Amino acid sequence: MFKLKPISIALLAFTTSTYALAEESSEQANAEETEKIVVTGSRIARPGVETASPVVSIDVEELSITGSMNVAEVLAVLPQFAAGIESSSNSYNPGNAGLATVNLRGLGSHRTLVLINGHRPTQMVDSSGRLVSDMQNIPASLIDRVEVLTGGASAVYGSDAVAGVVNVILKKDFEGFDANIQAYSTEERDGETQALSFSYGTNFNNDKGNVVISADYYNQEAMTYASRPGSNGQTTYINNPDGDIPNEVILNNVGWADYNIPTDRPTFMSGNSYDYFQFNRNDDGTLGEGYRAILDSELHDYYKQSHDLNPNMYSSVGPQNSITPYDRLSVNLRTGYEITDNIYLTGDVSYSKVSSVNTIDPEFLFSWNGWVNVYDAPFDVPQVVIDAAESDNTSWIAIPYTFNDLGNRTTEVDREYVSASFALEGDLNNGWNWDVYLAGGKTSVDETSMNRINTDRWWGFELFGECEETNSCAVMNPFEPLSQEVVDYIKLDPFTDTSETHQYTLAATLAGDIMELPAGDLMFSTGFEIRKEGLKVTPSQVSLEGTNRGNTKGATDVDRDIQEVYVEFIAPLVKDVMLVQSLEAEVAYRYANYTYAGSNDSWKAGLNWAVDDNLRVRSNYSKAVRAPQLTELFRPEEVIFSRYMDPCDSEELDNGANDELRRANCAALGLPSDFESEMRITGGSYTTVQGNDTLTVETAYTLTTGIVFTPTYIEDFSISIDYFDIDLTGGITKFGAANTAEMCVDANSIDNVFCPLVTRKEDGNISNIFDTYVNANKMRRRGLDIQSYYSQEMGDYGEIDLNLYATHLLESSFTESELAGADKREWVGVNGTPEWKASFSVAYTLSDFRASWQTNYSSSVLYARNATAEDYSQYKLPASTLHNVRFSYDLTDQTNIYFGINNVTDKDWLGIPGASMGGSTYPISGRGYYAGVNLNF
């Protein structure tokens, strides 16, 4: 039967176990004929599997233990990873709906290089405009294993490999038919998934060729926050009403007294007392007598209150999804043909489409923007409303209004990915191997917005625009249902914003043994890579003109060329002397030229020292770079709405690094100490975002040092401990509205580079902030990775396999910007950055039966940086321990059935601020079940 050659450029790692530390036995090492393989982190085929850099290999058995068909979701629980973009983080970020990314070391998805069979896939645009690798494009049914290399790897793979590399290895040389059907549901019967996949492969022409076609369908259904009481905004911190310690206490069952009011209970806020009045609606549609529903003194942050006090408020989560629904279809065609004994041709064509629908609450009007005089309103004010206003000695009322008649704001996102690649590889007569790789790919994202309001035709409670020309503007009365005429006039037709990316690659490598040294062969690899990358953004007319609330997007069409050359050597230095079974040096150098970022280089130097068959010491020091992306360079001007609080608001003056300095700077801006920002109502301001074509590369210096212990007296056991240190400077960042506003007033004076970016109105409120990309951040990650594997054959009693991955984080620091004199901030032990994170799994196999158990642990963290018991009633979030179990059984040689339970103990963290949003560490879905059947012929 045909077999794919092991020297493929697709950086393949060993598969002798699920753990990348297992060492070949001494008998194998001394064999005259040893098959050479290529390990992730190097492009040199070598006889051993150990390199100077730590590599973890996760096989399909470990990937399948939760039943998830989303690779990013599975990897997120491993200790090397932080949360990337996932289905639980996109409710108010529809541009990321259906997107799934990985985030090594918490340095960002854009600093984690994803490879498929050792090559870069074409990337997609996320909601921030950055290019990221979407793991949804990888057909889960074709994955053989995932290899993770942490630390800088730019010298081998080029730009972006700052935090490390995630190399997804797909199955190859498949014969027969394989099908899998699976379904999942939570115990609450929501968040269901259905999966169906099949593959068919066959050899041809006397086994010289092989062709495989596969298809993969996956459907993720929605789960809402409302279905989990206590989740997300239903639980929040508020200032302690007693004015005592702690400063902030938990408010549960939170509702909004402001803009989102049920249609059957119209509401207004009095301009005198700021109390809220509500009205019942009679059966005939008229309003009943008003009553004082909520006192201003009972409100928190002007609009938050517990439903326990007033059940007639709008839910603080509305129709938001905690899990965004989507479906995914992937089709893949792979073929290979042995042209001669020394030349092999491969070809791949892949197509993937992900479609998602995200829903949030309808368009709304803040009460702050809905002031009217009951005696001079642009509509007929019901007498009961006038009476209620007069009872509070005012004629001015503010009306919070939700456009329920327009429907929930809905966003449909379609992502398409298509790629094709061809590779020739072969051997030369001198034993060297070569390959040439040609690939092209394209992605597109269509984001269609529906049920949005046309702010060119409406504001407050008046219609204007085209209807004024014919004197036909309809009347909008917030105390009555909207007429169809009003709905048709102010509701925008669906509009679609499109982004496209393309990538074309030509690469070639040559590798082999140069000469024989006293300790072994001097091995090398050299090659070049040429890439062309492009980005095209085509906004709708609505987005170009800002017809929906002034939010604008600009068009762009840019591309760039990248030329790279590299060389890598592995030199055996010493062999078979006292305390040195072998000592190898690994070095690599890469030179790159980018159209806009200019020339830069990266390198690595490592040592791989085998003391004996039991102990190995390894160390690697490298320089990694990340060139600025096209969006960071050329993002067209956009106007968006940013949610934050004005740092000069009276309640924020004491929240800076230096309270006195912030107070003095706010006063210098002409703001009184009792200033009450309109952001208490609006929740933020508009921000103008734009790219910066003067950006330079980010640079990271990475050190990894560790030991690998594989005692010969304990069969199939290994343990490693590796220290890592990633020090990144010149990090490309966009400070964001909140940080820009804060750095303006937290600097030594208001004469700094940030205050000119903040525009304030005559009344002192912020109207706009200019936000662009700069090379300013410093980040550092230090810690220990602990990895262990053990397998025990027990004869007639089966086999047991144990795996442990753990990370002890020593430093996770971040310096916002030296431009503002910012101090280094440490985040270890703060929410999102646990000091300890671990994943342990045990698998037991007996004949046709297999049982697997996985435990994932994250240590306790602070709710916020520097939080204390004086600040918050629950200033520490509890540790997270989650258990998953899976059982499978081979009914026949062709049929396997399986069943699993996720979150066996039904843990959730509902009602705990900071832990009730959902995600891999603190899920809110509760216990879930899945079952499936696999057929193989």
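Rules used throughout
Residues numbered from 1 in each chain as written. Predicted model: local features only at pLDDT ≥ 70, side-chain atom pairs only at ≥ 80, totals over all residues. Heavy atoms only, no water. Helix = DSSP H or I, 4+ residues; strand = E, 2+ residues; numbered from the N terminus. Rg over C-alpha atoms; globule rule 2.2 N^0.38 Å. Buried < 20%, exposed > 50% of the residue type's maximum accessible area, 1.4 Å probe, protein only. Contact = heavy atoms within 4.5 Å. Areas by Shrake-Rupley, 256 points an atom, 1.4 Å probe, with all protein chains shown as cover. Lys, Arg positive; Asp, Glu negative; His and termini not counted. Charge placed at Lys NZ, Arg CZ, Asp CG, Glu CD. Phe/Tyr/Trp six-rings, centres within 6.5 Å; stacked < 30°, edge-to-face > 60°. Lys NZ or Arg CZ within 6 Å of the ring centre and 35° of its normal. Domains from an automatic or database assignment. Buried area = accessible area lost by both parts, 1.4 Å probe. Pairing = 2+ DSSP bridges. Axes fitted to C-alpha atoms, helices over the stretch in contact; angles between N-to-C directions. Parallel < 35°, antiparallel > 145°, perpendicular 65-115°, else oblique. Nonpolar A, V, L, I, M, F, W, Y, C, P; charged D, E, K, R; others polar. Salt bridge = Lys/Arg side-chain N within 4 Å of Asp/Glu carboxyl O. Polar contact = N/O pair within 3.5 Å; in protein donor to acceptor, adjacent residues only side chain to side chain. Arc of directions from axis to C-beta. pLDDT = per-residue confidence, 0-100. Disulfide = S-S within 2.5 Å.

## Overview of the overall build of the protein
A count of helical and extended segments in the protein gives 12 helices and 54 strands. The C-alpha atoms of the protein give 30 Å as radius of gyration, which agrees with the globular expectation for 937 residues (30 Å, within 12%). The dimensions of the protein, computed from C-alpha atoms along their principal axes, are 100 × 65 × 55 Å. Burial statistics for the protein: of 937 residues in total, 58% are counted as buried. Nonlocal contacts in the protein, meaning residues at least 24 apart in sequence, comprise 71% of its contacts between residues at least 6 apart. Surface exposure of the protein reaches about 37700 Å², of which carbon and sulfur atoms provide 52%. Both charge centroids of the protein, one from 62 positive and one from 132 negative side chains, sit 4 Å from each other.

## Let's talk about the packing of aromatic side chains
Scanning the entire structure with this criterion turns up 28 aromatic pairs. Ring geometry for Phe849 against Phe887: centres 6.4 Å apart, planes inclined by 20°, an arrangement best described as stacked. Of this pair, Phe849 sits in strand 49 (residues 849–858) while Phe887 sits in strand 52 (residues 880–890), and the two are 38 residues apart along the sequence. The structure contains a cluster of three or more aromatic residues connected by ring pairs, namely Phe268, Phe277, Phe279, Phe379, Tyr401, Phe403, Trp458, Trp459, Phe461 and Phe479. Between Arg457 and the ring centre of Tyr489, over which it is positioned, the NZ or CZ distance is 4.5 Å.

## Here's the deal with the domain arrangement of the protein
According to the domain assignment, the protein contains domain 1 (39–226 + 323–360 + 412–450 + 496–638 + 693–734 + 773–936), domain 2 (227–322 + 362–410 + 451–495) and domain 3 (645–682 + 742–770). On a C-alpha basis, the centroid separation for the pair domain 1 and domain 2 is 45 Å. At the junction of the two partners, domain 1 supplies 50 residues and domain 2 supplies 40 residues. By the criterion of area lost to domain 2, the three top residues of domain 1 are Tyr225, Met450 and Arg549, representing 21% of everything that side buries.

## Focus on the sheet that holds strand 6 (residues 112–116)
Within the open sheet, the four strands sit side by side as 3-9-10-6. Their pairing is mixed. Two strands in the sheet have a free side with no partner beyond their single neighbour: strand 3 (55–59) and strand 6. The mean angle between the axes of side-by-side strands here comes to 15°, regardless of whether they run parallel or antiparallel. With five bridges joining them, strand 3 and strand 9 (residues 143–150) adopt antiparallel strand pairing.

## Here's the deal with the packing of helix 10 (residues 659–668) against helix 12 (residues 736–746)
Closest axis-to-axis distance for the helix 10/helix 12 pair is 7 Å, and the angle between their directions is 95°. The orientation of helix 10 with respect to helix 12, classified from their angle, is roughly perpendicular. Residues Leu661, Arg662, Asn665 and Cys666 of helix 10 touch helix 12, and the partners they reach there are Glu742, Cys744, Val745 and Asp746. Looking at the contact of helix 10 with helix 12, its residues break down into four nonpolar, one polar and three charged.

## A few points about unusual backbone geometry
Residue Ile245 is joined to Pro246 through a cis peptide bond whose omega torsion reads 5°. Its location among the elements puts Pro246 in the loop between strand 15 (235–239) and strand 16 (248–252). Even without a glycine there, the phi angle at Asn206 is positive, about 60°. Mapped onto the elements, Asn206 comes out in the loop between strand 12 (193–204) and strand 13 (209–220).

## Here's the deal with the sheet that holds strand 17 (residues 254–256)
Strands sit in the order 21-17-22 across an open sheet of three strands; the sheet is antiparallel. This sheet does not close on itself; its edge strands, each paired only once, are strand 21 (304–306) and strand 22 (314–315). Two elements, strand 17 and strand 22, share two bridges in a ladder whose sense is antiparallel. Directly across from Trp256, in strand 22, lies its bridge partner Tyr314.

## Here we look at the pattern of salt bridges
What the rule picks out here adds up to 42 salt bridges. Between Arg626 and Glu698 there is a salt bridge, and its shortest N-O distance comes to 3.0 Å. Placement of the pair is Arg626 in strand 39 (residues 615–626) and Glu698 in strand 42 (residues 698–709), with a sequence separation of 72 residues. On the basis of relative accessible area, Arg626 is assigned to the buried category, the value being 0%. With a relative accessible area of 0%, Glu698 lands in the buried category. Taken together, the salt bridges that share partners define one network made up of Glu529, Arg531, Glu533, Arg560, Glu564 and Arg590.

## Observations concerning helix 12
The set of residues buried in helix 12 consists of Gly736, Ala737, Thr740, Ala741, Met743, Cys744 and Val745. Considering only its buried residues, helix 12 is in contact with strand 40 (638–643), helix 10, strand 41 (684–690), strand 43 (717–734), strand 44 (758–760) and strand 45 (766–793).

## Some points on the pairing of strand 30 (residues 409–427)
Bridge count for strand 25 (residues 343–360) against strand 30 is 18 bridges, and the pairing is antiparallel. Following the sheet pairing, Leu345 is matched in strand 30 by Leu424. By the bridge criterion, 18 bridges tie strand 30 to strand 31 (residues 433–450) in an arrangement that is antiparallel. When the sheet's bridge partners are listed, Ala423 is paired in strand 31 with Tyr437.

## Quick look at the side chain of Ser813
Tracing the backbone through its elements, the reader meets Ser813 in strand 46 (residues 799–815). A distance of 2.7 Å separates the side chain of Ser813 from the side chain of Glu811, its partner in a polar contact. If we ignore the near neighbours within four places in the chain, the residues touching Ser813 are Lys778, Met779, Arg780, Arg781, Lys824, Arg825 and Glu826.

## Some details on helix 10
Listed as buried for helix 10 are Arg662, Asn665 and Cys666. Taken down its axis, helix 10 places every buried residue within 100° of arc, on the same side. Buried-residue contacts for helix 10 involve helix 12. Two or three places before Glu660, at the start of helix 10, stands the capping residue Asn658, its side-chain oxygen 3.2 Å from that residue's backbone nitrogen. Backbone geometry just after helix 10 places Gly670 at a positive phi near 90°.

## What about the confidence of the model for the protein?
For the protein, mean pLDDT is 88; residues scoring 70 or higher make up 93% of the total. Note on residues 1–34: pLDDT is under 50 here. Beyond four places in sequence and across chains, it has 107 contacts.

## Looking at the state of the cysteines
If you walk through the whole model with that rule in mind, you get three disulfides. In this model Cys467 forms its disulfide with Cys473; the gap between the sulfur atoms is 1.8 Å. Around the S-S axis, the bridge from Cys467 to Cys473 shows a dihedral of about 85° and counts as right-handed. Overall, Cys467 belongs to the buried group, its relative accessible area being 5%. Between Cys648 and Cys666 runs a disulfide, and the two sulfur atoms are separated by 2.0 Å. Torsion about the S-S bond of the Cys648 and Cys666 cystine: about -85°, corresponding to left-handed handedness. With Cys648 in the loop between strand 40 and helix 10 and Cys666 in helix 10, this pair connects stretches of sequence that are 18 residues apart. Like Cys666, Cys648 is buried. In the protein, numbering the disulfide-bonded cysteines from first to last in sequence yields the connectivity 1-2, 3-4, 5-6.

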